[in-house]
Amino acid sequence: AAVRAWSNDMVVENVSVEDSAYAGISAIGSNIQVRNSTMSRLGNTGGQGHKADGLIWSRNITEEGNTEGFNVSWEAGGLKMTKSRNALIADNLIRRNPGNGYWLDQSAQDIILERNTIVDNERSGVMLELSGRLNVTGNLIARNARYGLYSNDSNNITAWNNVIVDNSTDIH
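Description of the structure in this document. Owing to the predicted nature of the structure, the values given are computational and were not obtained by experimental measurement.

A word on the pairing of strand β19 (residues 147-152)
Then, in step 1: Relative to β19, strand β16 (residues 126-129) runs parallel, the two being bridged by four bridges. Bridge pairing in β19 links L128 to S151.
Then, in step 2: With two bridges joining them, β19 and strand β22 (residues 169-171) adopt parallel strand pairing. Note on β22: the bridge partner recorded for L149 is I171.

Thoughts on the environment of Q109
Then, in step 1: Among the secondary structure elements, Q109 is positioned in strand β14 (residues 109-114).
Then, in step 2: Under the relative-accessibility criterion, Q109 is labelled buried at 14%.
Then, in step 3: Contact partners of Q109, with chain neighbours within four places excluded, come to S84, R85, N86, S131, G132 and R133.
Then, in step 4: Here R133 takes part through its side chain, which lies 3.4 Å from a polar atom of the side chain of Q109.

Quick notes on the pattern of salt bridges
Then, in step 1: Applying the stated rule across the entire model yields eleven salt bridges.
Then, in step 2: The residue K80 makes a salt bridge to D105 at a minimum N-O spacing of 3.2 Å. Of the two residues, K80 is situated in strand β10 (residues 77-82) and D105 in strand β13 (residues 100-105); the sequence distance between them amounts to 25 residues. You'll find K80 and D105 in the same group, each marked buried.
Then, in step 3: Residue D110 pairs with R133 through a salt bridge whose shortest N-O separation is 2.8 Å. Of this pair, D110 sits in strand β14 while R133 sits in strand β17 (residues 132-137), placing them 23 residues apart in sequence.
Then, in step 4: We classify D110 as partly exposed; its relative accessible area is 28%.
Then, in step 5: Among the residues examined, R133 registers a relative accessible area of 43% and is labelled partly exposed.

Rules used throughout
All residue numbers refer to position in the chain's written sequence, counted from 1. Local features in this predicted model are restricted to residues of pLDDT 70 or higher, and side-chain atom pairs are both shown and tallied only at a pLDDT of 80 or more, whereas totals for entire chains, interfaces and linings draw on every residue. Values reported for side chains reflect all heavy atoms of the structure, with hydrogen atoms and water molecules removed beforehand. In this scheme, strands are said to pair when DSSP sees at least two bridges between them. Helix numbering and strand numbering both begin at the N terminus, where a helix is a DSSP run of H or I of at least 4 residues and a strand a DSSP run of E of at least 2. Buried, partly exposed and exposed residues are distinguished by accessible area as a fraction of the type maximum, computed with a 1.4 Å probe on protein chains only: under 20%, between the cut-offs, and over 50%, respectively. Any two residues whose heavy atoms approach within 4.5 Å are treated as being in contact. Residues adjacent in sequence count toward polar contacts only when both atoms are side-chain atoms; beyond that, a polar contact is any pair of N or O atoms within 3.5 Å, and within protein one must be able to donate a hydrogen and the other to accept it. The term salt bridge refers to a side-chain nitrogen of Lys or Arg lying within 4 Å of a carboxyl oxygen of Asp or Glu.

Structure representation (structure tokens):
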């Protein structure tokens with residue numbers, strides 16, 4: 001990743017990452033905040049969170065990830081989080097990614113996804129996979145080529161007050 005927040009109690013703020021060959025901002029550690037930043041035209045993915053307990057990802061723009069054409073079945077796209085707990089993903093713009101817009105995977109738990117605009121991605125807008133205790137609230141999820149909101153082997157999902165429209169399939 002161009003910016004690696006690989007420690008605890010870090011703040012990444014007002015950063016712009018453009019045209020990087022792999023990822024924009026990567027968060028591995030506890031209580032990391034990524035805010036007011038832009039990740040554009042990244043080779044693989046705009047942002048990553050792995051074992052990022054207590055992550056706050058807010059007021060960011062993540063767009064046009066996967067310019068290098070990585071396999072979108074693994075991670076390429078906007079923002080992917082894995083094995084993370086108690087995270088807040090709020091007030092972001094995630095758009096025009098050749099993969100999924102936002103993707104939770106591998107036992108992510110107690111995640112709040114709220115007030116985001118997730119549009120025009122070439123796969124699912126929001127993909128919830130192998131995760132649980134998820135709250136998807138007040139988001140605009142629109143014009144994604146596959147699903148607006150896709151759940152695969154996830155449980156305890158609360159989704160309310162979202163606008164999910166004009167996706168190939170809105171909810172699966």
